[in-house]
Amino acid sequence: MGLNIEEQKAVERFQKDVVAPSQTKLVILDFWAEWCGPCKALTPVLEKVAAEYADKGVVLAKINVDEEKFIAGQFQVQSIPTVYAMFQGQPVADLTSARSESQLKQALDQLLKQLPVKAGADEGGEGGQGGPSQQDIDQFVAMGEQALADGETERALGIFAQVIEFDNANPKAIGGMIRAQVAMDQADEATKMLEAIKSSPVYASIKDDPAMSAAESALELAGTRVDDSELAGLREKVAADPDDMDAQMALAEAAFAAGSRDEAADTFLAMIEKDREWKEGAARAKLLQIFEATGLEDEWVVSTRRRLSRILFG
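What you see is a predicted model, and the numbers here were worked out from it, not measured in a lab. Each chain has its residues counted from 1, following the order in which its sequence is written. Reporting of local features is limited, given that this is a predicted model, to residues whose pLDDT is at least 70; pairs of side-chain atoms are given and counted only at 80 or more, and all residues count toward the totals for whole chains, interfaces and linings. The basis for every side-chain value is the complete set of non-hydrogen atoms in the structure, without hydrogens or water.

**Student:** If you had to explain the packing of aromatic side chains to someone new, which residues and values would you point to?
**Tutor:** Pairing of aromatic rings covers Phe, Tyr and Trp, the last through its six-membered ring, and needs centres within 6.5 Å; plane angles under 30 degrees mean stacked, over 60 mean edge-to-face, and all others mean tilted. According to the stated counting rule, one finds six aromatic pairs in the structure shown. Look at Phe-31 and Tyr-84: their rings are 6.4 Å apart centre to centre, the planes differ by 85°, and that puts the pair in the edge-to-face class. A residue pair is termed long-range when its members are at least 10 positions apart, and Phe-31 in strand 1 (residues 26-32) and Tyr-84 in strand 3 (residues 82-87) qualify at 53 residues. Exposure class is identical for Phe-31 and Tyr-84. Each is buried. Within the aromatic cluster, the residues linked to one another by ring pairs are Phe-14, Phe-31, Phe-75 and Tyr-84. Any Lys NZ or Arg CZ that is within 6 Å of a ring centre and within 35 degrees of that ring's normal is treated as a charge sitting over the ring. Sitting over the face of the ring of Tyr-53, Lys-56 holds its NZ or CZ atom 4.2 Å from the ring centroid. The numbering of helices and of strands both runs from the N terminus, where a helix is a DSSP run of H or I of at least 4 residues and a strand a run of E of at least 2. Under the scheme applied here, a residue whose accessible area is under 20% of the maximum for its type counts as buried, over 50% as exposed, and between as partly exposed, the area being computed with a 1.4 Å probe on protein chains only.

**Student:** Tell me about the nonpolar core, residues and numbers included.
**Tutor:** To define a nonpolar core, start from buried Ala, Val, Leu, Ile, Met, Phe, Trp, Tyr and Cys residues and group those joined through side-chain atoms within 4.5 Å. The biggest cluster of nonpolar side chains holds 73 residues, and the ones touching the most others in it are Leu-26, Ile-28, Leu-95 and Leu-108. Should any heavy atoms of two residues lie within 4.5 Å, those residues are considered in contact. Once you skip the residues sitting within four places of it in the chain, Leu-26 turns out to touch Gly-57, Val-58, Val-59, Ala-85, Met-86, Phe-87, Val-92, Leu-108, Leu-111, Leu-112, Leu-115 and Val-117. Val-18, Val-27, Ile-71 and Val-77 belong to the second-largest nonpolar core, a separate cluster that totals 21 residues.

**Student:** Describe helix 12 (residues 245-257), and please don't skip the residues or the numbers.
**Tutor:** The terminal C-alpha atoms of helix 12 lie 18 Å apart, and with 13 residues this matches the ideal 18 Å at 1.5 Å per residue to within 8%. Along helix 12, eleven of the 13 residues are buried, which leaves the element largely enclosed by surrounding structure. Of all the residues in helix 12, the buried ones are Met-245, Ala-247, Gln-248, Met-249, Leu-251, Ala-252, Glu-253, Ala-254, Ala-255, Phe-256 and Ala-257. Next to the buried residues of helix 12 lie helix 10 (210-222), helix 11 (228-240), helix 13 (261-274), helix 14 (282-294) and helix 15 (299-313). Counted as a polar contact is a pair of N or O atoms within 3.5 Å, where, for protein atoms, one must be capable of donating a hydrogen and the other of accepting one, and residues adjacent in sequence contribute only when both atoms are in side chains. Sitting at the head of helix 12, Asp-244 places a side-chain oxygen 3.2 Å from the backbone nitrogen of Asp-246. With its phi angle positive at about 95°, Gly-259 sits one or two positions after the end of helix 12. Expected helix span is computed as 1.5 Å times (number of residues minus one).

**Student:** So what's going on with the confidence of the model for the protein chain? Residues and values would help.
**Tutor:** Residue-level confidence of the predictor, termed pLDDT, takes values from 0 up to 100. Averaged over every residue, the pLDDT of the protein chain is 88; residues scoring 70 or more account for 95%. When the criterion is pLDDT under 50, residues 122-130 qualifies, and its contacts beyond four places in sequence or with other chains add up to 14 contacts.

**Student:** Help me get a handle on the layout of surface pockets, residues and values and all.
**Tutor:** Estimated volume of the second largest pocket: approximately 500 Å³. Definitions used throughout: a 1 Å grid over protein atoms alone; a cavity as a set of points that fits a 1.4 Å probe which cannot get out; a pocket as an open set with protein on both sides within 12 Å along at least five of seven lines; a lining residue as one with an atom within 4 Å of a point. Every residue lining the second largest pocket is counted, 20 residues in all, and those nearest its centre are Arg-179, Val-182, Ala-183, Phe-256 and Arg-261. Elements supplying a minimum of two residues to the lining of the second largest pocket: helix 5 (134-149), helix 7 (171-183), helix 10, helix 12 and helix 14. Under the scheme applied here, ten amino acids are nonpolar (Ala, Val, Leu, Ile, Met, Phe, Trp, Tyr, Cys and Pro), four are charged (Asp, Glu, Lys and Arg), and all others, including Gly, are polar. By residue class, the composition of the lining of the second largest pocket is eleven nonpolar, four polar and five charged. Grid points are joined across faces, edges and corners, and a volume is the space filled by probe spheres set on the points.

**Student:** So what about the side chain of Thr-294? Which residues, and what values?
**Tutor:** Summarising the element assignment, Thr-294 is placed in helix 14. Each residue touching Thr-294, except ones within four places of it in the same chain, is listed here: Arg-179, Phe-256, Arg-261, Trp-300 and Val-301.

**Student:** Before we move on, can you summarise the pairing of strand 2 (residues 58-64) with the specific residues and values?
**Tutor:** Taking burial as the measure, the seven residues of strand 2 include six buried ones, the bulk of the element. Across seven bridges, the pairing between strand 1 and strand 2 is parallel. Pairing of Val-27 across the sheet is with Val-59, part of strand 2. Looking down the strands as they point away from you, a crossover is right-handed if its path from the first strand over the helix to the second goes clockwise. The β-α-β motif built from strand 1, the intervening helix 2 (residues 37-52) and the parallel element strand 2 has right-handed crossover chirality. The pairing criterion for strands is at least two bridges between them, as found by DSSP.

**Student:** Talk me through the state of the cysteines; I want residue IDs and the actual numbers.
**Tutor:** Disulfides are defined in this document as cysteine sulfur pairs within 2.5 Å. Summed over the entire model, instances satisfying the criterion amount to one disulfide. Residue pairing for Cys-36: its cysteine sulfur links by disulfide to Cys-39, the two sulfurs lying 2.3 Å apart. Handedness of the Cys-36-Cys-39 disulfide follows from its S-S torsion of about 80°: it is right-handed. Under the relative-accessibility criterion, Cys-36 is labelled buried at 3%.

**Student:** Pulling in residues and values, what's your account of the environment of Gly-73?
**Tutor:** With respect to the helices and strands, the residue Gly-73 is situated in helix 3 (residues 69-74). Residues Gly-73 and Thr-43 lie 30 residues apart in sequence; the distance between their C-alpha atoms is 21 Å.

**Student:** Give a detailed account of the pattern of salt bridges, specifying residues and quantitative values.
**Tutor:** We count a salt bridge whenever a side-chain nitrogen from Lys or Arg sits within 4 Å of a carboxyl oxygen from Asp or Glu. By the definition in use, this model includes 19 salt bridges. The closest approach of N and O atoms between Arg-155 and Glu-152, which form a salt bridge, is 2.3 Å.

Structure follows, in structure tokens:
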């Protein structure tokens, strides 16, 4: 085909993520980029409508034009966002002008009347007839995690809630929703949700999932929140006695709960560098708990883990 290795890989990814699903489903193909403001405004609309239309056979696929330049070039994308409807490997409509929820739904309704789109899950999928496939659900969970990592907590909360409507025993969506509530200072609501899950029959099958452990860690860390005057008092106490490790621990926990992640990380890392075995490695254990609660793919976590590794192994 005259393609280099990277272009071949790009085509393979496109075949897997877009062409294959489009054989039976209607794929909304969104060309976007991190720096594109209008893309960020359109994304929640596309995600919401795709989730609502999942049982009708609609799937959302996103192409980052900076990462997939070859594919964007094949579609002759001149500006973003550019949005196409794909069916059986071919673009069947340009949806770029459909920027509102009502406009997008109207366009999809017309296409679904004209095309033999297979509603519900794919054959062999776990979503069941009349609902999204497991692949669709996993896709939305990933979107929710990305939104949470980007600090778009309200959007993440909405995505996880939509997933739970289709799969009320999905531990990643449940855990993600609890973590989003904590991030939005809704610890009471998150606690009630966790208690309700623990009392439900589904809990036995999900209690050992890492997503549930992360949610419980997020709630536990939220419990160390103090008011501004108490936080200021802890800072003064640490400044007055830099050797007071208990005070440093209290400050780090309170700083993280207050949203001062960098201050928390700096304090924990200083403690580990000074005495990594203090109270059987309590500072490191608490920092790892924070990583778990925040999400291991979060950029701040990745950066802080590198700093921790340099202290421990460098």
